[in-house]
Amino acid sequence: MIFTKEYWLNCIDRTKRYAKTFIKWLICSAIIGITCGAVGTAFHYSVEYVTQFRSGHSWIIFLLPAAGLLIVFLYRAGGIKHDKGTNLVIGSIRNPEYNVPFRMAPLIFITTVITHLFGGSAGREGAALQIGGSLGASIGKLIKMDDNDKHIMTLCGMSAVFAALFGTPVTAALFSVEVISIGILYYSALVPCILSATISYAITEKFHITPTYFILNQVPEMSLATGIRVIILSVAAAVLSILFCMSMQVIGKTFKKYLKNQYLRILVGGVLLVLLTLAVRCNDYNGAGMNIIEQAIHGTAKPEAFILKLLFTCITIGCGFRGGEIVPSFFIGATFGCTLGGWIGLDPGFGAAMGLVCLFCGVVNCPLASLVLSIELFGASGILLFAIGCSVSYMLSGYYSLYSEQKIIYSKLRPHYVNLYTNQEVKTNDHSEAE
């Protein structure tokens, strides 16, 4: 290497470029983190308040069909008749023709709160991705960023509101850069996403929002027998993740096929949810169900809980109510893992934790984010077992996903791209191996 004048000038130029980019993302991340932290805090307390209100007024479930009609009206009044939800946010990262409007944030905020208030079975984190993505994209437009930087701003917003709601900033950042195109990590967004999530998380702490964390009664020592049991549980979780993804798609398509009018569709779905709630004679499957998740991790779960939550959630989202699918996947995985774990000789509480993480991994195809999630939720003592569970669930869950706009870029079975022969990306909802 010859250290010429031109070489040193190039070094100085690169240093300026890196410094300028770093400072730019420091400032932008702070803006996103503060904005999304404040909105996330308001969203968290809103959902918590209506959940407590619903718990003390169980009769409100009978108003769920009317609440559904209100949700459809609000979206139509906002000029969004056919909302793609989280899929729109995910698709916008790759396709500049996908526009994430600002009005998406207040709409999903209000309608998710309505869904939780009246007993729809939905989560918060899916809504968080939509709120954050909308805010990030809108701020990017406001400060006139180019398309590539606006995509990073969208990812920052997703990370920030996710971190604000669940208190897992590292998982939030890694999930956002991993979930878009499986097999490709958006490393250019890593620093902005980490900073945005951290700032947002710090704001929620100032408002006394306790991060989600569970203490496991027992973490088994690594052994051949334990490893086999974990593999059995993770294989079962992978199969269940396929069932969940397929059920979400089939039930959603069935509603749209036979009930083309959105008002009628959500009205029928609301009535079905009321009837199901009366049939099971409890409110365990209404709302997010964080209390049931906590009970499962403490070692107690009804054997039928996972399949009932799956049914409630598929009807809720399929007919048009708003919210997310991530916390319901936690519920399904935790109750399933608690039951199966006890049957195969694992501590039921540890089985619940393993089921939660493995099912989440299977439905979103994000093994790294899932592994980090296990650490942020349960501590690092069982990291090797969780790593085994995540890897097995990821491999065997196939090309299915909760998000139809998610792309599986790299094969799960062989070391090459899935588009090696067709040179085309394959949507995960095609349910076919394009290898």
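Since the structure is predicted, the reported quantities are computational estimates derived from the model, not experimental observations.

1. Comments concerning the overall build of the protein chain
In terms of helices and strands, the protein chain carries 16 helices and two strands. Relative to the globule expectation of 22 Å for 435 residues, the C-alpha radius of gyration of the protein chain, 22 Å, shows essentially globular dimensions. Expressed as a percentage of its 435 residues, the buried residues of the protein chain come to 57%. Summing over all exposed atoms, the protein chain offers an accessible surface of approximately 18600 Å²; the carbon and sulfur share of this is 64%.

2. Things to note about the packing of helix α2 (residues 64-77) against helix α10 (residues 262-280)
Close contact between α2 and α10 brings their axes to 7 Å; oriented N to C, the two are set at 150°. Classified by the angle between their axes, α2 and α10 sit roughly antiparallel to one another. In the crossing of α2 with α10, the sense of the turn from one axis to the other is right-handed. For the pair α2 and α10, the contacting residues are Leu64, Pro65, Gly68, Leu69, Ile71, Val72, Phe73 and Arg76 in the first and Gln262, Tyr263, Ile266, Leu267, Gly270, Val271, Leu273 and Val274 in the second. In terms of residue class, the contact of α2 with α10 is built from twelve nonpolar, three polar and one charged.

3. Here we look at the packing of helix α12 (residues 305-319) against helix α13 (residues 326-344)
Following both chains from N to C, one finds α12 and α13 inclined at 165°, their axes separated by 8 Å at the closest point. The orientation of α12 relative to α13 falls into the category roughly antiparallel. With respect to the hand of their crossing, α12 and α13 are arranged in left-handed fashion. From α12, Ala305, Phe306, Lys309, Leu310 and Thr313 reach across to α13, where they touch Pro328, Phe331, Ile332, Thr335 and Phe336. For the contact of α12 with α13, a count of residues per class yields seven nonpolar, two polar and one charged.

4. Brief notes about the environment of Leu129
Mapped onto the elements of the fold, Leu129 is located in helix α5 (residues 125-142). Considering only alpha carbons, one finds Leu129 and Phe162, 33 residues apart in sequence, at a separation of 6.4 Å. For Leu129, the residues in contact, after removing those within four places along its chain, are Thr86, Val89, Met158, Phe162, Phe175, Ile326 and Tyr403.

5. Focus: the confidence of the model for the protein chain
Averaged over the protein chain, the pLDDT score is 90; the fraction of residues at 70 or greater is 96%. Note on residues 420-426: pLDDT is under 50 here. Beyond four places in sequence and across chains, it has ten contacts. In this model residues 428-435 is a low-confidence stretch, pLDDT under 50, and it forms 27 contacts with partners more than four residues away in sequence or in other chains.

6. Quick notes on the side chain of Thr277
Relative to the helices and strands, Thr277 is located in helix α10. By relative accessible area, which is 6% here, Thr277 ends up buried. One polar contact links the side chain of Thr277 to the main-chain carbonyl oxygen of Leu273, over a distance of 2.8 Å. Setting aside residues up to four positions removed in sequence, Thr277 forms contacts with Ile61, Cys282, Asn283, Asn286 and Phe312.

7. Some points on the nonpolar core
Phe175, Ile293, Leu356, Phe378 and Tyr403 are the most contacted members of the largest nonpolar core, which has 130 residues in total. In contact with Phe175, not counting residues within four places along its chain, are Leu129, Phe162, Ile326, Phe360, Val364, Cys366, Ala369 and Tyr403.

8. Details of the pattern of salt bridges
Two side chains with opposite charge may pair up if their charged atoms get near one another. All chains considered together, the criterion is met by five salt bridges. As a salt-bridge pair, Asp147 and Lys150 come within 3.5 Å of each other at their nearest N and O atoms. Here the residue Asp147 and the residue Lys150 both occupy positions in helix α6 (residues 147-166), the gap between them amounting to three residues, near one helical turn. For Asp147, a relative accessible area of 39% corresponds to the partly exposed category. Of the residues examined, Lys150 reaches a relative accessible area of 22% and is grouped as partly exposed. Of the charged contacts, one joins Lys302 and Asp284 as a salt bridge, the two residues approaching to 3.1 Å between their closest N and O atoms. Of this pair, Lys302 sits in the loop between α11 (290-297) and α12 while Asp284 sits in the loop between α10 and α11, and the two are 18 residues apart along the sequence.

9. As for the packing of aromatic side chains
Under the criterion given, the structure shown has eleven aromatic pairs. When the centroid spacing of 5.9 Å and the interplanar angle of 35° are considered together, the rings of Phe175 and Phe360 count as tilted. With Phe175 in helix α7 (residues 169-178) and Phe360 in helix α14 (residues 348-364), the pair connects residues that are 185 residues apart, well separated along the chain. Residue Phe175 shares its accessibility class with Phe360, and that shared class is buried. Where Phe350 meets Phe386, the ring centres are 5.6 Å apart and the plane angle is 55°; that geometry is what we call tilted. Pair noted here: Phe350 is in helix α14 and Phe386 is in helix α16 (residues 383-396), with a separation of 36 residues, a long-range link. Of the two residues, Phe350 and Phe386, both sit in the buried class. An aromatic cluster is defined as three or more aromatic residues linked by ring pairs; in this entry it consists of Phe162, Phe166, Phe175, Phe330 and Phe360. Its guanidinium or amino end placed over the ring of Phe331, Lys309 lies 4.9 Å from that ring's centre, counting from NZ or CZ.

10. Details of a nonpolar patch on the surface
Taken together, Trp59, Phe62, Leu63, Leu69, Leu264, Leu267, Val271, Leu272, Leu275 and Leu278 make up a surface patch of nonpolar side chains, about 870 Å² in accessible area. Looking at the nonpolar patch, the element that brings in the most residues is α10, giving six residues. Structurally, Leu278 is set in helix α10. Given a relative accessible area of 47%, Leu278 falls into the partly exposed group.

Cut-off values and rules
Residues numbered from 1 in each chain as written. Predicted model: local features only at pLDDT ≥ 70, side-chain atom pairs only at ≥ 80, totals over all residues. Heavy atoms only, no water. Helix = DSSP H or I, 4+ residues; strand = E, 2+ residues; numbered from the N terminus. Rg over C-alpha atoms; globule rule 2.2 N^0.38 Å. Buried < 20%, exposed > 50% of the residue type's maximum accessible area, 1.4 Å probe, protein only. Areas by Shrake-Rupley, 256 points an atom, 1.4 Å probe, with all protein chains shown as cover. Axes fitted to C-alpha atoms, helices over the stretch in contact; angles between N-to-C directions. Parallel < 35°, antiparallel > 145°, perpendicular 65-115°, else oblique. Left-handed = near helix turned anticlockwise from the far one by under 90°. Contact = heavy atoms within 4.5 Å. Nonpolar A, V, L, I, M, F, W, Y, C, P; charged D, E, K, R; others polar. pLDDT = per-residue confidence, 0-100. Polar contact = N/O pair within 3.5 Å; in protein donor to acceptor, adjacent residues only side chain to side chain. Core = buried A, V, L, I, M, F, W, Y, C linked by side-chain atoms within 4.5 Å. Salt bridge = Lys/Arg side-chain N within 4 Å of Asp/Glu carboxyl O. Phe/Tyr/Trp six-rings, centres within 6.5 Å; stacked < 30°, edge-to-face > 60°. Lys NZ or Arg CZ within 6 Å of the ring centre and 35° of its normal. Patch = residues over 30% accessible without salt bridge, like charges linked within 9 Å, V, L, I, M, F, W, Y side chains within 5 Å.

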